[in-house]
Amino acid sequence: MKKIELEIVALSHSITQTHSYAVVLGEVNGLRRLPIVIGGFEAQAIAVALEHMHPSRPLTHDLMKNFMNAFNVELMEIVINDLQEGIFFSKLVCVSEHDTVEIDSRTSDALALAVRFGCPIYTYDNILESAGILMEDTGKKKKTELEVEEPVAAAGSTGSAAPREDLSNMSLEELQTLLTEVLEQEDYIRAIAIRDELNKRK
């Protein structure tokens, strides 16, 4: 079966499930999109890596990458290889000096590791056909940065999310202070929204 390469194009709050996020995968050189619902912790893990943020201590997926690197195991690719009753199944294709091993994984964890290793993400045409969405070609230039919609407080965060409208009314000094606070709370998804607002002011 032919593999189709995907890339992460957006990370947004899930409309269908409370306290969940949707990571949207886009077909490379194609118009199909594959939305996958994930938890807040996994969304944060993906966002941290995509936005090149550096937590003070390794997150779980950073630890996994460090562990694999220590034993000379490379993640070559991840494959979203099955879809059963709305649940996506994935595998990690790992290579060591003497062997290639496929490891079963939750799709959210596989994506968080793929971003850290910079490895390709694949799926099969039948999965894209059954769960994908065909986007119209508007001719717009594809975004190169992660698109984060409706940022909310990540799992474990005690702070409530500040909507984008509130951020636009804050001064640069207030935004910098808030950014420091949410980074201390390890609410990286909210931090991305604040950082984007700061970048707009520059």
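One can find the structure itself at the top, above this paragraph.
Residues numbered from 1 in each chain as written. Predicted model: local features only at pLDDT ≥ 70, side-chain atom pairs only at ≥ 80, totals over all residues. Heavy atoms only, no water.

*Asks:* Run through the overall build of the chain, naming residues and quoting values.
*Replies:* Along the chain, the regular secondary structure elements total seven helices and nine strands. A burial count over the chain gives 45% of its 202 residues as buried. In the chain, the share of contacts with a sequence separation of at least 24, taken over all contacts with a separation of at least 6, comes to 57%. With the model as given, the accessible surface of the chain reaches about 11700 Å², and the carbon-plus-sulfur share is 51%. (Helix = DSSP H or I, 4+ residues; strand = E, 2+ residues; numbered from the N terminus. Buried < 20%, exposed > 50% of the residue type's maximum accessible area, 1.4 Å probe, protein only. Contact = heavy atoms within 4.5 Å. Areas by Shrake-Rupley, 256 points an atom, 1.4 Å probe, with all protein chains shown as cover.)

*Asks:* Describe the side chain of Thr-123, listing the residues and the values that go with them.
*Replies:* In this fold, Thr-123 is placed in strand 7 (residues 121-124). A polar side-chain atom of Thr-123 sits 2.9 Å from the main-chain carbonyl oxygen of Ile-80. With residues near it in sequence (within four places) discarded, Thr-123 still touches Lys-2, Lys-3, Ile-4, Leu-6, Ile-80 and Leu-128. (Polar contact = N/O pair within 3.5 Å; in protein donor to acceptor, adjacent residues only side chain to side chain.)

*Asks:* So what's going on with helix 3 (residues 107-117)? Which residues, and what values?
*Replies:* One turn of the α-helix equals 3.6 residues, which is why residues spaced by three or four share an orientation. Taken across its 11 residues, helix 3 has 11 buried, putting it largely inside the fold. For helix 3, the set of buried residues is Thr-107, Ser-108, Asp-109, Ala-110, Leu-111, Ala-112, Leu-113, Ala-114, Val-115, Arg-116 and Phe-117. Following helix 3 by one or two positions, Gly-118 adopts a phi angle in the positive range, close to 70 degrees.

*Asks:* Please give an account of unusual backbone geometry that cites residues and values.
*Replies:* Unusually for a residue other than glycine, Asn-29 sits at a positive phi of about 60 degrees. Relative to the elements of secondary structure, Asn-29 occurs in the loop between strand 2 (20-27) and strand 3 (32-39). For His-52, which is not glycine, the phi torsion reads 55 degrees and is therefore positive. Along the polypeptide, His-52 turns up in the loop between helix 1 (40-50) and helix 2 (60-70). Looking at His-52, the relative accessible area reads 63%, which means it is exposed.

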